[in-house]
Amino acid sequence: MAEQAEGRQHLARAIELATASAANGGGPFGAVVVAADGSVFEGTNRVTAANDPTAHAEVVAIRAAGAALATFELRGAVLYTSCEPCPMCLGAALWARVERVVFAADRHDAAVAGFDDAAFYDYFESADRSLMPVAQQPIDARSAPFEAWLSNAARTDY
């Protein structure tokens, strides 16, 4: 029960961050990462402020957590976000090894405000690549980076 109350507190904070961001010219999205040790990291949508299409609130919060904790893995962390994460943010959470994601509004709520990620979800769920064609171009040296990676005994696996 205490964990659920704490979760609601973090989700409420993500909504507060999103609301403040929207009121100050930022995007209406906020996120909170709670690391396994209980440390809390926040992020808001900085896309237009930073001219960075990847600066979504979830990514900003994940970056803050990784930098502060000096790690690229956030195993055991929970990501609380004001809105259902887009495919990019879900990918970032997966790469960070976030344990769980909890969100408030969903993609349909966001669409009402003009943030319609439906085309992106459709892109990944279908074989139709007309939105953005992606194709492999075979080249002889295509495996060279992986061979260099595998031969580097000092590499940091992830």
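Description of the structure in this document. Just so it is clear, the structure is predicted and the values come from calculations on it, not from any experiment.

Reading guide: rules and limits
- Once a new chain begins, its residue numbering starts again from 1 and follows that chain's sequence as written.
- In keeping with the predicted nature of the model, local features appear solely for residues at pLDDT of at least 70, side-chain atom pairs appear and are counted solely at 80 or more, and the whole-chain, interface and lining totals rest on all residues.
- The basis for every side-chain value is the complete set of heavy atoms in the structure, and neither hydrogens nor water enter the calculation.
- The set of buried Ala, Val, Leu, Ile, Met, Phe, Trp, Tyr and Cys residues whose side-chain atoms join them within 4.5 Å is what this entry labels a nonpolar core.
- Buried, partly exposed and exposed residues are distinguished by accessible area as a fraction of the type maximum, computed with a 1.4 Å probe on protein chains only: under 20%, between the cut-offs, and over 50%, respectively.
- Numbering of helices and strands runs from the N terminus, with a helix taken as a DSSP run of H or I at least four residues long and a strand as a DSSP run of E at least two residues long.
- In what follows, a contact means two residues having at least one pair of non-hydrogen atoms within 4.5 Å.
- Here, strands pair whenever DSSP counts at least two bridges between them.
- Angles here are taken between N-to-C directions and fall from 0 to 180 degrees, while the axes themselves are lines fitted to C-alpha atoms, restricted in helices to the stretch in contact.

By size, the foremost hydrophobic cluster in this structure holds 17 residues, and its most contacted members are Val33, Ile62, Leu74, Leu79 and Val98. Sorting the residues of this core by element identifies strand E1 (30-34), helix H3 (57-69) and strand E3 (78-83) as the ones contributing at least two each. If you tally residues by element for this core, the top one is H3, at four residues. Excluding residues that lie within four positions of it along the chain, Leu74 makes contacts with Val33, Ile62, Ala65, Gly66, Leu69, Ala96, Arg97, Val98 and Glu99. Counting residues in hydrophobic clusters, the runner-up holds seven residues, among them Ala14, Val34, Val78 and Tyr80.

The strand order E2-E1-E3-E4 describes an open sheet built from four strands, whose pairing is mixed. Each of the sheet's edge strands pairs with one partner strand only, and the pair in question is strand E2 (40-44) and strand E4 (100-105). Ignoring which end each strand starts from, the neighbouring axes of this sheet average 15° apart. For E1 and E3, the ladder comprises four bridges, and the chain directions are antiparallel. Its bridge partner being in E3, Val32 is matched across the sheet by Tyr80. Where H3 meets the sheet, it contacts E1, E2 and E3, and its direction lies at approximately 145° from that of E2.

Relative to the assigned elements, His10 resides in helix H1 (residues 2-23). Setting aside residues no more than four positions away along its own chain, His10 makes contact with Val32, Val34, Val40 and Tyr80.

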